[in-house]
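Coordinate analysis (summary)
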Amino acid sequence: MDAFLTPDGMTLVSAFAVLATAMVAAGLTAALGLGGGLILLAIMTALMPIAAVIPVHGVAQLGSNAGRSILQWRNVVWPIVAWFAIGGVIGTAFGSQVLVAIPAALLKAGVGLFVLWSVWGPALNVPKPGRGAFFATGVVGSFLTLFFGATGPIAASVIGRAGLDRFATTGTHGACMLVQHLLKVVAFGALGFAYGPWAGFIMAIVLSGFMGTWIGTRILISLPEHRFRAGFKIALTAIAFWLLVSAGMAGLTAS
């Protein structure tokens, strides 16, 4: 059991801590549409070998969002996902070529400011996002996720302006993130990351994520629309501030 769950650089205690976080994070994401990925990324960064964090986090999020897409597939707006996927292929291909060329702190700060503006900025008289916006979101999100893992708030900011109800919002966002993390996992495999030694741990984390997603979906069903909207906005704001603080700390460390 120990060898199955503990690749080099991890203990059984740290493995179970990550698995428990994966379940809670997946439940939060299923209920509110986002938030869990960054929580899981923070815990994984603290407890896992740093070189494995983003590739393994990608597989964990792939499993979590696959579960969300399966449980909520009737609510997915597939044309949005299709345009996001086309952009995602381009963003991943480009990001793979410049993976070490851009400071992660700068990217985090940019995403944090974008999310804050999208939630609290002045209401502009612009149409709902169309296929061009979803395509561009796929490009940007899939590019950035290769650098610091959790870019779900970018897609959530755009999908949140599409006028969808809470079921379509979470289902569509889950399907978009499924595509994004699948592309990321393939990219890191092509770049040489060895997933084999992590296979047992990855299986366990995917199972934990699916269980959390099932629980979170039950919460979503009973959550009133206005409370979902309030929770969605609060979660986005908290994530934006976390990104800005993280970027500031990374900048101080580098200086």
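See the structure printed just above.
So, here's what we can say about the structure. Fair warning: this is a prediction, and the values are worked out from it, not measured in the lab.

A word on the overall build of the protein chain. Within the protein chain, the secondary structure is distributed over eleven helices and zero strands. The helix and strand sequence of the protein chain, counted from the amino end, reads α-α-α-α-α-α-α-α-α-α-α. Every one of the 255 residues in the protein chain was classed for burial, and the buried ones make up 52%.

Let us now look at the nonpolar core. Grouped together as the largest cluster of nonpolar side chains are 34 residues, with contacts concentrated most on M48, V56, W198 and F201. Counting only elements with at least two residues in this core, the list comes to α2 (12-32), α3 (36-47), α4 (50-71), α7 (131-148), α9 (166-190) and α10 (199-222). At seven residues, the largest contribution of residues to this core is made by α4. Among residues more than four places away in sequence, those in contact with M48 are M10, V53, V56, W198 and F201. Counting residues in each nonpolar core, the second largest holds 14 residues, with V158, A168, A175 and M177 among its members.

Looking now at the environment of G212. Examined against the element boundaries, G212 turns out to sit in helix α10. Residues within four places of G212 in sequence aside, it is in contact with M23, A26 and G27.

The subject of this paragraph is empty space enclosed by the protein. If a probe the size of a water molecule is rolled over the atoms, the empty space left behind becomes visible. For the structure shown, the criterion picks out two cavities of 30 Å³ or more. Of the volumes computed, that of the second largest cavity is approximately 60 Å³. Considering the residues around the second largest cavity, the lining is formed by A22, A25, A26, T29, G36, L40, A60, Q61, S64, I205 and G209. Those elements giving two or more residues to the lining of the second largest cavity turn out to be α2, α3, α4 and α10. The biggest single contributor to the lining of the second largest cavity is α2, with four residues. Taken together, the residues of the lining of the second largest cavity break down into six nonpolar, five polar and no charged.

With that settled, the discussion passes to α9. In a regular helix each residue adds 1.5 Å, so 25 residues correspond to 36 Å; α9 covers 36 Å between its end C-alpha atoms and thus fits that length. Summarising burial for α9: 18 of the 25 residues are buried, a large majority. The opening residue of α9, the one whose side-chain oxygen lies 3.1 Å from the backbone nitrogen of F167, is D165. Trailing α9 by a residue or two, G192 shows a phi angle of about 110 degrees, which is positive.

Parameters and conventions
Residues numbered from 1 in each chain as written. Predicted model: local features only at pLDDT ≥ 70, side-chain atom pairs only at ≥ 80, totals over all residues. Heavy atoms only, no water. Helix = DSSP H or I, 4+ residues; strand = E, 2+ residues; numbered from the N terminus. Buried < 20%, exposed > 50% of the residue type's maximum accessible area, 1.4 Å probe, protein only. Core = buried A, V, L, I, M, F, W, Y, C linked by side-chain atoms within 4.5 Å. Contact = heavy atoms within 4.5 Å. 1 Å grid on protein atoms, 1.4 Å probe; cavity = no way out; pocket = protein on both sides within 12 Å on 5 of 7 lines; lining within 4 Å. Points joined across faces, edges and corners; volume = space filled by probe spheres on them. Nonpolar A, V, L, I, M, F, W, Y, C, P; charged D, E, K, R; others polar. Expected span 1.5 Å × (residues − 1). Polar contact = N/O pair within 3.5 Å; in protein donor to acceptor, adjacent residues only side chain to side chain.

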